[in-house]
Structures are given as C-alpha cells and as structure tokens.
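Single-letter residue listing:
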Amino acid sequence: MIASVGHRSWTVLPGFGLALGITLTYLGLIVLIPLSGLLLKAGDAGPAKIWAELSSPRTLAAFRLSLGMAFLAAVCNALFGFVLAWVLVRYRFAGRRLMDAMIDLPFALPTAVAGISLAQLYSTNGWLGGALAQAGITVAFTPLGVLIALIFVGLPFVVRTVQPVLEELDREIEEAAVLLGAARWDIIRRVVMPPLRPAVMTGATLAFARAIGEYGSVIFIAGNMPGYSEIVPLLIVIKLEQYDYLGAAVIASGMLIASFVLLLAINLLQARMRRWQGG
Amino acid sequence: MEIAVKNLTKRFEHLTVLDRVNLQIQDKEFIGLLGPSGSGKTTLLRILAGLELADDGAVEIDGRDSSTLSLDERRVGFVFQHYALFNHMTVFQNVAFGLQVKPRQARKSSAAIAQRVRELLGLVQLQAFEDRFPTQLSGGQRQRVALARTLAIEPKVLLLDEPFGALDAKVRVELRRSLREIHDTAGLTTVFVTHDQDEALDLADRVAIINRGIIEQVGTPVEVYDAPKSPFVFDFLGHTNSFDCVVRGGKAYLGENQLVPDEVIRDGPAVAFVRSHDVLLARVDKAQTTTSTRRLPGTALVRFISALGQRAVAEILYERRLIEVEMTRETLQELGLQVGSKCTISLRHARVYARREAEEQTRVAERAAVRPRKRRRFRDRLSTLR
Amino acid sequence: MARAKASRVAPGQALPLSESPGVRVTLIAVAGVFFIVFLLLPLIVVFAEALRQGFHAYWSGLGDPETLAAIRLTVLTAILVVPVNTVFGVAAAWAITKFTFAGKNLLITLIDVPFSVSPVIGGMVFVLLFGLPGVFGPWLATHDIKIIFAVPGVIIATLFVTLPFVARELIPLMQKQGTDQEEAAIMLGANGLQTFLRITLPNIKWGLLYGVLLCNGRAIGEFGAVAVVSGHIMGLTNTMPLHVEVLYNDFNFVAAFAVASLLVMMAFATLVLKTVLESRAALKSPSLP
C-alpha cells in the first residue's frame with residue numbers, strides 16, 4: 001500500500017486535489033504572475049537605471065517620509081493603542097462598548113473617505129486645523145499631516161492585538177504578587193507588561209507595515225509636494241501617469257521587498273506571541 | 001469477521017510507529033490493544049479502520065486484502081477518542097446521519113430511519129435525549145451517542161479509540177458492562193485501544209500488549225498477567241518489585257533460594273520480578289516460613305503502611321530498596337506489623353528476566369538507584385549470596 | 001534595587017488590585033481624548049460637511065447621474081468579487097487545514113501578500129500586465145478588449161486586494177476544529193460533498209460570514225488599487241471612493257462629502273454586523289480584519 005502521494009500523506013478525506021488546484025491556480029493568476037511581472041519589469045531597467053531611480057533625491061525624500069512617518073505613527077499607536085486596550089479591557093465606564101466597537105472604524109472606512117475627512121478637519125479653516133494654526137502649528141500639507149493620517153490608519157492594529165492577550169491574562173498572578181507585598185506599579189511593570197510586550201510589538205509592526213503602503217488616507221492631507229510631503233505610493237502613481245513604467249516598477253519593487261521583509265518579521269513575532277501564551 | 005494483520009509497518013517522518021506488526025483477530029472476538037502513549041496502538045486502529053494507510057504490509061478482512069475493499073464492504077464502525085459528535089446536530093440527527101447519507105437506492109424511508117434511531121437510542125438508554133445537542137450532554141452520554149451512531153450503520157467490526165478515557169470511574173464501569181453486552185448481542189468483532197490495563201484485563205477476551213510499535217505479547221488476560229513474556233509486559237500490567245539475582249547453569253540464585261526461570265536465560269546477571277501480592281512478610285520474632293515459600297536473607301524495615309479499603313499496602317525497605325507489599329487487612333492485623341517493625345521477606349512467585357533486557361524495557365535501574373551503583377566483582381557478588 | 005514604595009496593606013484596607021482612582025481617571029481621559037480626536041471627529045466632519053448647505057444640496061449631490069453610475073459600479077464590483085474570493089477562501093482553507101503537505105506555510109504567507117503590500121502596487125501590477133506597455137497590451141489592443149481604464153480592470157484589481165479576507169478568517173477556525181468530525185462522517189458512509197455541506201459548512205458558518213463581511217467592506221471601499229487601474233473616467237470607471245476623490249479635487253465639497261457619507265453609513269453597517277457576528281460566534285477575530 002502506498003501511503004505517500006507526492007509530498008503529502010494519504011488521508012481518508014477527499015477533495016485535496018480539487019481544493020489545492022483551485023487555490024494554486026487562482027493564486028498564481030491573480031497574485032504570483034502579476035507580482036513576478038512587476039519584478040521582471042523592474043529588472044528590465046538594468047542596474048544603472050535602478051540605482052539612478054532609487055537614489056534620486058525625490059525618491060529618497062519619499063522613502064524617508066514614508067518610512068519615517070510610518071515609524072513615528074507606529075510608536076504613537078503603540079503607546080496610545082496600549083492605553084486604549086488597557087482602558088477597554090480593565091475599566092468600566094460610560095461609552096465603553098461604543099468605543100470598543102468603533103476601534104475598527106479605520107479598518108472598515110474607505111481610505112478616500114478618511115482622506116478627505118482628515119484633510120478637512122486639519123485644514124486651516126477646519127475645526128482642529130484652525131485651532132492648531134492659532135498655536136502656530138500647521139498640519140495640512142506638511143509631514144505632520146501625513147503623520148496624523150498614518151496614526152488614524154494604524155490605530156486598530158495595536159489595540160486589537162493587545163486586547164485578547166490582556167483579556168486572557170490570569171488575574172491570579174497579580175493577586176499572588178500583591179500578597180507577596182508588591183506595589184501596584186511593580187506589579188504592572190514586572191508581572192503584567194512582559195506578556196504584553198510581544199503583542200504590542202506585533203501590533204506596532206502590523207501598523208508600520210500598513211502605514212508605509214497607505215495611499216488614500218494620506219494624499220488629501222499631505223499636499224504632495226515632491227521632496228517634502230510626497231509619499232512613496234504617490235510617487236509610484238505619478239510615475240505611472242507620466243508613463244515612466246520602468247521607474248515606477250523599480251520603486252514599487254523596492255516597496256515590495258520591504259513588505260516581504262516586514263511580513264516575515266510579523267510572522268516571527270506572531271509565532272513568538274503564541275509561544276508566550278503557552279500555545 | 002476475521003482480521004489478519006500481516007507485517008504492518010508505518011513510519012511517520014523518521015519514527016517507525018509500527019514495526020512489522022502481526023496479529024490475528026478472530027471472528028466475534030473482543031480484543032484490547034493495550035500499551036503506553038506513543039506505542040502505536042491508535043495508529044494500528046486507524047489503519048484497521050481505513051483512516052490511514054500503512055507503508056508496508058497488509059490487512060486482510062475475511063481473507064481479502066482490505067485495500068481492495070470499499071468502505072461499505074469493510075463494514076467497520078469507528079468510535080473516536082473524543083467522540084467527534086456533530087455539535088450542530090441533535091442526538092437524533094447524529095445517530096440518523098449514517099442512515100441518511102446512504103445512496104438513494106440503499107436509503108430507507110425517513111419513518112424507517114426514525115424507528116431505527118429510536119431503537120438504538122433505547123439500546124444505549126438515551127431515549128429521552130433525542131432532541132438535545134451534544135454540548136448539553138455529559139461525557140458518558142456523549143460516548144453512548146457515539147456508540148449508537150456507529151451501530152446505526154450495522155458494522156461487523158467495532159473499533160474504539162480509548163473509549164472510556166475521559167470519563168469518571170463510576171461511569172466507566174457502567175459503560176464497560178453495556179459495551180460488552182452490546183458486543184455479545186450484536187455478534188460484533190470488537191477491537192479497542194486503551195492505556196488502562198484494568199480496563200483491558202477486565203473487558204477483553206484477549207489482550208495484545210504493544211510497545212514502541214511492536215506487539216510484545218498476545219493472550220488472554222490471565223495469560224498475560226500470570227505469564228508475562230517480557231519485563232515490559234510484567235511491569236506494564238502492575239506494580240513490579242525487582243530483586244537482583246544471578247543465573248548460573250540455567251538456575252537463578254536469589255539468596256539461598258533457587259528459582260527456575262520460565263524461559264532459558266543465559267548465565268549472568270538477572271532480575272526477579274515479583275508482584276506486590278506475591279511478597280510475603282513475617283515478623284522477625286515470629287518465624288513463620290512454610291516450605292512452599294522462599295525466604296530472602298536479612299531483614300526489612302517497614303517504612304509506610306496504608307490500609308485502603310480491604311487491601312493494605314506496606315512499603316518496606318530491604319537492602320536499600322523500597323518494596324511494595326500488598327495483603328488483606330486481616331493479614332496485616334495478624335502479622336501485627338507497624339511502621340518501624342522489622343520483618344522478613346519470602347517470595348511466593350517470581351519471574352526471572354535477563355538484567356539487560358529488564359533495564360532496557362523498564363525503569364528497574366532507576367528504582368535501584370536507592371543504592372549507589374557500584375561495579376561489583378563476581379566474587380563479591382557470590383559472597384552476598386551466602 | 002530601588003523599589004517603589006510598597007503599599008503595605010493596613011488592616012481593613014483592600015488589596016491594591018488595581019490602579020489608584022486618579023490613575024484610572026487619567027488613563028480613561030487620555031483614551032477618551034485620543035478616541036475623540038482620531039476617530040469621532042473625522043466621522044462627524046463627514047456629515048457636517050455633507051449637510052453644510054442643507055438637505056437639498058445633499059440629495060442632489062447624491063442624485064447626480066455620475067454618482068449613480070459610481071454607486072452601480074461599486075455594487076457590481078462587490079457582487080462579482082465577493083463570491084469569487086469566498087470560493088477561493090473556502091478551497092484554500094480546506095486544502096490547508098484538512099491535509100498535511102510540504103509548503104503549507106509558504107502557501108499561507110502567499111495568501112497574505114495582497115493584504116500586506118500597498119494597494120497602489122495592487123493596481124500597478126495589472127497595468128503592467130494588461131496596459132499598453134504590458135505583456136498582453138498589444139494583443140488586447142488589436143482585439144479591442146479593454147481591461148485597464150475599463151470596468152474589468154477595476155474588478156481584477158479589487159479581486160487582488162480582497163483575496164485574503166475569507167481565507168484568513170477560515171484557516172485558523174478550521175485548524176482549531178480539526179478533522180475528527182469529517183473523518184467520522186466519512187466513516188459513517190458520507191461522500192465528500194455530503195461531508196462538506198452537512199458537517200464542515202455548519203461548523204464554519206459564522207467565520208465564513210465574518211470573512212465575507214470583511215471582504216465586502218474592502219471591496220466597496222478600495223481606493224488605491226482601483227485609482228491606478230481605472231483612469232478616472234467619469235460615469236464609466238469610477239467607483240464610489242474614486243468618485244469622492246474626483247469631486248473633492250474639483251472643489252465640489254458638498255457632493256464629495258455626501259457620497260462619502262454613504263460610504264460611512266455602509267462602514268457603520270459593516271461594524272454593526274461585525275459586532276453581531278462576533279458575539280454570535282463568540283470568536284475573537286483570530287487575525288485582524
């Protein structure tokens with residue numbers, strides 16, 4: 001009796017061939033072939049052009065902006081997202097349910113809607129933009145605007161990653177620490193935080209990955225001035241509109257590789273999270 | 001339905017889970033596959049069911065190679081360890097499932113199906129529960145639903161994977177009786193897997209003891225308990241007390257006693273395995289030896305006594321080793337032993353195995369670690385036997 | 001090592017099992033302010049701007065023929081994309097969770113790719129494939145088949161970005177459920193289809209609905225990928241989000257926010273359904289939506 005068919009071991013359940021066939025074909029057509037096409041096109045450009053494209057001041061400025069603001073936004077979201085998760089899980093207050101349900105809004109909301117809404121809110125005659133202008137701070141059409149938009153976009157990630165871990169935390173551990181004489185702050189620092197750290201890291205990395213590729217939420221508020229408030233995705237779109245397909249392909253490939261690296265990092269972090277939870 | 005397992009081998013990654021296993025299962029037999037976790041017993045069961053394929057060897061059902069048979073022709077019913085009940089269906093729907101998925105020609109009318117389902121629920125005494133969902137049932141009730149569901153398709157062979165594993169002791173005993181009754185009335189051939197030797201020895205006509213993919217011994221419960229062929233089987237079926245001895249010229253020497261090994265063992269170091277109830281104690285000051293027992297040299301110290309129910313268990317220290325002795329409460333009182341008393345030991349019955357085999361298959365060496373393992377010269381060993 | 005002053009528990013005093021009330025209030029306030037500034041205000045702005053010139057302007061903004069065309073295209077996209085990606089998600093989850101084979105982890109990672117790359121790339125790859133400079137460009141041009149800058153392009157780009165949603169919900173769920181029930185069904189004589197329909201499907205129904213809901217939400221709201229592929233041809237290849245952009249860039253703010261308000265209401269409906277499904281299934285989203 002042959003037990004191994006190809007790379008897998010036989011089981012009594014049917015449908016493997018069909019299911020895998022559909023999966024691989026569809027994935028190949030929609031994802032693999034198009035993405036390979038992108039990388040091939042970028043390769044077509046030749047090393048000289050690739051270097052020129054990636055090192056042009058405009059491109060560098062865009063990468064600096066995208067990566068830099070994404071990083072800052074991830075840090076902000078790590079901080080405030082943690083506070084939000086803490087408050088939602090541990091405290092009871094009026095409006096808690098509503099707040100909890102609405103955390104997912106940046107997810108469910110079309111990015112263009114978020115984009116125009118934030119642009120309006122922070123423009124110099126907007127509710128917040130006006131108030132800030134009086135304090136001398138301009139948000140619209142500056143990197144600060146980009147930052148605000150990216151904070152909005154990444155908000156749910158840290159909250160939704162930390163919440164389940166916080167909920168599963170065994171309160172008995174804290175009780176044991178108290179009975180051993182520890183003060184509240186010590187307990188938080190030494191007993192509660194450690195299991196949450198991987199979750200915060202994972203959430204922040206997810207937020208970061210989302211933020212570097214974000215387009216719709218940012219382009220309305222950013223002003224899109226090359227070398228100043230132009231993000232990488234927009235640069236790609238502009239190159240496409242100018243029919244500079246090679247240039248666009250090169251930059252997009254750069255982003256693609258960055259995304260892959262982040263994806264791997266996220267998988268590793270999530271595996272670490274599962275270990276911490278004794279999974 | 002006779003099942004013949006011939007040289008069955010199954011590998012999983014680099015581990016050999018079943019190693020050339022051979023087993024003959026008679027028609028209408030109730031046989032238990034007994035072994036520790038990881039021994040391969042569940043894998044063997046699943047291969048019998050057709051849920052997995054072996055890498056080598058064959059399973060023959062009534063003389064025909066099972067790989068040529070379709071699932072209906074095999075007439076196998078399988079009860080999973082965690083029951084695998086369909087949680088979104090009621091008890092009635094679970095039991096009816098096998099009857100409802102039959103191809104159109106073979107399917108009975110829904111009235112006939114309903115009648116059969118109710119019959120089966122009556123058989124397992126769950127008539128009042130037909131509209132409940134599995135999550136609303138206790139472990140024992142779920143087990144009975146799983147059984148009824150399997151019986152619905154009228155199998156000739158019933159395969160059960162650790163059927164009573166997750167249940168309370170009392171529920172287990174009740175279910176054991178029902179299972180045996182169902183087996184007898186329906187004329188099934190039943191194979192069940194368990195790691196609980198009480199269960200296996202209680203229920204089965206024959207027991208196959210399996211360890212690390214190899215069948216160590218097959219026999220009736222009495223056979224395997226009284227005449228275990230290997231140290232593993234002996235140790236697996238009950239507590240083992242072990243005494244070092246030496247084999248010379250085909251006889252084993254333990255103190256001044258001669259034991260005749262049941263099988264031929266080469267000269268050299270050996271171990272005598274003795275059951276707790278085959279160790280007899282006597283107060284030092286009251287010499288009570290009968291000719292049929294064998295007294296060991298030296299005295300032992302009673303360290304611990306526990307009287308559980310009608311049995312008493314004493315832990316005694318002999319030659320820096322802890323020996324467990326089982327006797328009735330009356331005997332304990334007659335002997336007048338207490339913690340701290342000194343006593344002598346006699347052995348009623350012992351089985352001798354080669355020392356190396358015993359150490360490979362059981363944890364004799366660890367138990368003997370009470371005494372530091374010095375390498376002793378043969379001459380010194382002889383001197384202790386005097 | 002320096003220790004914070006330990007709060008020795010005095011007789012009759014409760015154990016310090018939580019933060020002091022002062023700390024609690026501060027944290028809630030911080031969370032509240034953050035919430036209001038970043039979540040609530042943007043929402044309110046949409047409706048405030050949409051209704052700035054009164055209800056009449058709002059309705060006419062919505063009744064515009066080009067707006068209606070955008071709504072039609074968005075609905076069409078959702079109707080086509082969601083079922084296709086649902087079938088894919090179910091097939092992928094079935095293959096991945098019920099069988100063992102080499103390369104499984106790679107497959108799961110690949111399914112996640114559309115979720116982790118910028119949506120702009122999601123549109124761009126199809127421009128490179130089907131646009132004039134692309135592999136199929138010339139062939140398509142000679143046969144007068146339009147994909148890029150036409151509706152098919154919009155559909156395909158949306159297929160790309162919404163591909164993972166159903167699979168991502170089903171895979172952890174089905175992994176947790178294992179294969180026991182399906183094996184039991186097969187042992188009882190069911191064939192593959194019966195097993196899937198009567199055993200698997202009922203067990204995954206809430207996760208499936210959840211995945212479909214998220215897939216739908218993204219299909220309706222997708223912007224970046226579709227922006228690249230559509231060419232912004234008014235009345236033809238504009239989805240609702242694209243139409244919002246066009247109106248906004250034309251300084252037609254009331255109409256832009258009016259259409260945006262429709263999208264907000266759809267997002268709300270998604271959130272409400274999501275909450276309902278979450279409590280029904282008592283599942284915490286195993287992966288992020």
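Quick caveat, the model's predicted, so the values are computed rather than measured.

Undergrad: Explain the overall build of chain B to me, please; I cannot follow it from the model alone.
TA: The number of helices and strands found in chain B is 13 helices and 21 strands. With the principal axes as the frame, chain B shows a C-alpha extent of 80 × 45 × 35 Å. Across the 386 residues in chain B, those meeting the buried criterion constitute 37%. For chain B, contacts bridging at least 24 residues in sequence account for 67% of all contacts bridging at least 6.

Undergrad: Can you help me understand the overall build of chain A in this one?
TA: Across its full length, chain A carries 13 helices and two strands. Overall, the C-alpha framework of chain A stretches about 80 × 70 × 30 Å when taken along its three principal axes. By residue count, 46% of the 279 residues in chain A fall in the buried class. Across chain A, contacts joining residues at least 24 apart in sequence account for 78% of those joining residues at least 6 apart.

Undergrad: Help me understand the interface of chain A and chain B, please; the structure alone is not making it clear to me.
TA: Each side of the interface is counted separately: chain A has four residues, and chain B has six residues. A class-by-class count of the residues in the side of chain A that touches chain B yields four nonpolar, no polar and no charged.

Undergrad: Which parts of the structure should I look at to understand the packing of helix H6 (residues 111–122) of chain A against helix H13 (residues 253–281) of chain C?
TA: For any two helices packed against each other, one specifies the inter-axial angle together with the distance between the axes. Two elements in contact, H6 of chain A and H13 of chain C, have axes separated by 10 Å at closest approach and are oriented at 130°. It follows that H6 of chain A is oblique to H13 of chain C by the angle criterion. As H6 of chain A runs across H13 of chain C, the sense of the crossing is left-handed. Facing H6 of chain A, whose interface residues are Val113, Ile116 and Ser117 of chain A, H13 of chain C presents Ala256, Ala260, Leu263 and Val264 of chain C. For the contact of H6 of chain A with H13 of chain C, the class distribution of residues is six nonpolar, one polar and no charged.

Undergrad: Where do I start with the domain arrangement of chain B in this structure?
TA: Size of an interface, as often reported, equals the accessible area lost when the parts are brought together. Segmentation of chain B into domains returns domain 1 (3–231) and domain 2 (239–385). At the junction of the two partners, domain 1 of chain B supplies four residues and domain 2 of chain B supplies eight residues.

Undergrad: Mind showing me how you'd approach the pairing of strand S9 (residues 206–211) of chain B here?
TA: Remark: a regular strand shows side chains that alternate across the two faces of the sheet. Residues and elements named next belong to chain B. Burial runs high along S9: five of the six residues are buried. Two strands pair when backbone bridges link them, and strand S3 (residues 30–34) and S9 are joined in this way by four bridges, in the parallel orientation. Note on S9: the bridge partner recorded for Leu33 is Ala208. Bridge analysis of S9 against strand S10 (residues 214–219) gives five bridges, and the strand direction is antiparallel. Considered in S10, the bridge of Asn211 is made with Ile214. Two successive antiparallel strands, S9 and S10, enclose a turn made up of two residues, where Arg212 displays a positive phi of approximately 50°.

Undergrad: Looking at this structure, I do not really get the environment of Phe152 of chain A. What am I missing?
TA: Within the secondary structure layout, Phe152 of chain A lies in helix H8 (residues 143–168). Given 28 C-beta atoms within 10 Å, Phe152 of chain A falls into the buried group. As for Phe152 of chain A and Leu40 of chain A, which are separated by 112 residues in sequence, their C-alpha atoms are 35 Å apart. Here Phe152 of chain A is in contact with Pro106, Ala114, Leu118 and Ser217 of chain A together with Phe38 and Pro42 of chain C, once residues within four sequence places are set aside.

Undergrad: Help me out: how do you make sense of the packing of helix H1 (residues 21–50) of chain C against H13 of chain C in this one?
TA: Residue and element names in this part refer to chain C. Packing of H1 against H13 brings their axes to within 8 Å, and their N-to-C directions diverge by 135°. Here H1 is positioned oblique relative to H13, judged by the angle of their axes. For the element pair H1 and H13, the recorded crossing hand is left-handed. Facing H1, whose interface residues are Leu43, Val46, Phe47, Glu49 and Ala50, H13 presents Phe253, Val254, Phe257, Ala258, Ala260, Ser261 and Val264. Broken down by class, the residue content of the contact of H1 with H13 amounts to 10 nonpolar, one polar and one charged.

Undergrad: Where do I start with the sheet that holds strand S13 (residues 257–259) of chain B in this structure?
TA: The strands making up a sheet associate through hydrogen bonds between their backbones, and the pairing can be parallel or antiparallel. Residue and element names in this part refer to chain B. One open sheet accounts for five strands, arranged S13-S12-S11-S14-S21; its pairing is antiparallel. The open sheet has two edge strands with one neighbour each: S13 and strand S21 (351–354). Averaged over all pairs of adjacent strands, the angle between their axes in this sheet comes to 40°, without regard to strand direction.

Undergrad: Explain the confidence of the model for chain A here, please?
TA: Close inspection of predicted coordinates is inappropriate for parts of the model with low pLDDT. Summary statistics for chain A give a mean pLDDT of 88 and a share of 95% for residues scoring 70 or more. Ranking the elements of chain A by mean pLDDT puts strand S1 (residues 4–5) of chain A last with 40 and H6 of chain A first with 94.

Undergrad: What should I look at first to understand the interface of chain A and chain C in this one?
TA: Taken residue by residue, the interface counts 84 residues in chain A and 83 residues in chain C. Looking at the side of chain A that touches chain C, the element that brings in the most residues is helix H1 (residues 16–44) of chain A, giving 14 residues. Classifying every residue of the side of chain A that touches chain C by side-chain character gives 62 nonpolar, 14 polar and eight charged.

Undergrad: Sorry if this is basic, but what is going on with the sheet that holds S10 of chain B here?
TA: Residue and element names in this part refer to chain B. Reading across from one edge, S6-S7-S8-S3-S9-S10 is the order of the six strands in this open sheet, with mixed pairing throughout. If you trace the sheet from one side to the other, it starts and ends with strand S6 (76–79) and S10, each paired once. Adjacent strand axes in the sheet meet at a mean angle of 15° when their direction is disregarded. Pairing geometry for S3 and strand S8 (residues 189–194), over five bridges, is parallel. Paired with Phe30 across the two strands is Thr190, which belongs to S8.

Undergrad: Please clarify how unusual backbone geometry should be interpreted in this entry.
TA: Most peptide bonds are trans, and most residues other than glycine sit at a negative phi. All names here are of chain B. For Arg75, which is not glycine, the phi torsion reads 50° and is therefore positive. Accessibility expressed as a C-beta count within 10 Å gives 18 for Arg75, which makes it partly exposed. Positive phi outside glycine occurs at Glu319, with the angle close to 50°. Mapped onto the elements of the fold, Glu319 is located in the loop between strand S18 (311–318) and strand S19 (321–328).

Undergrad: Where do I start with the nonpolar core in this structure?
TA: Note on soluble globular proteins: their nonpolar side chains tend to be buried together. Leu150 of chain A together with Met124 and Ala260 of chain C are the most contacted members of the largest nonpolar core, which totals 170 residues. The element contributing the most residues to this core is helix H3 (residues 57–90) of chain A, with 15 residues. The residues touching Ala260 of chain C, leaving out its near neighbours within four places in the chain, are Val113, Ile116 and Ser117 of chain A together with Val46, Ala50 and Val244 of chain C. One finds Leu33, Val233, Phe234 and Phe273 of chain B within the second-largest nonpolar core, a separate group that totals 105 residues.

Undergrad: Please clarify how the confidence of the model for chain B should be interpreted in this entry.
TA: All names here are of chain B. Residues at a pLDDT of 70 or more form 91% of chain B, whose mean pLDDT is 86. Under a pLDDT of 50 for its full length, residues 369–373 has, in the predicted model, five contacts with residues more than four places off or in other chains. Model confidence for the complex: the whole-complex pTM is 0.83, and ipTM, which rates the interface, is 0.87.

Undergrad: Is there a simple way to explain the environment of Glu60 of chain B in this structure?
TA: All names here are of chain B. Turning to its location among the elements, Glu60 is positioned in strand S4 (residues 56–61). Judged by the 17 C-beta atoms lying within 10 Å of it, Glu60 falls in the partly exposed class. A C-alpha to C-alpha distance of 9.7 Å links Glu60 and Gln24, two positions 36 residues apart in sequence. Filtering out sequence-adjacent residues up to four positions away, Glu60 remains in contact with Ala4, Lys6, Asp65 and Ser66.

Undergrad: Please explain the environment of Asp196 of chain B as it appears in this structure.
TA: For Asp196 of chain B, the location among the structural elements is in the loop between S8 and helix H7 (197–203). Taking the C-alpha atoms as reference points, Asp196 of chain B and Leu237 of chain B, 41 residues apart in sequence, are found 9.1 Å from one another.

Definitions and cut-offs
- Residues numbered from 1 in each chain as written.
- Chains lettered and ligands numbered in written order.
- Predicted model: local features only at pLDDT ≥ 70, side-chain atom pairs only at ≥ 80, totals over all residues.
- Helix = DSSP H or I, 4+ residues; strand = E, 2+ residues; numbered from the N terminus.
- Buried ≥ 20, exposed ≤ 12 C-beta atoms within 10 Å, placed from the backbone.
- Contact = placed C-beta atoms within 7 Å.
- Nonpolar A, V, L, I, M, F, W, Y, C, P; charged D, E, K, R; others polar.
- Axes fitted to C-alpha atoms, helices over the stretch in contact; angles between N-to-C directions.
- Parallel < 35°, antiparallel > 145°, perpendicular 65-115°, else oblique.
- Left-handed = near helix turned anticlockwise from the far one by under 90°.
- Domains from an automatic or database assignment.
- Pairing = 2+ DSSP bridges.
- pLDDT = per-residue confidence, 0-100.
- Core = buried A, V, L, I, M, F, W, Y, C linked by C-beta atoms within 7 Å.

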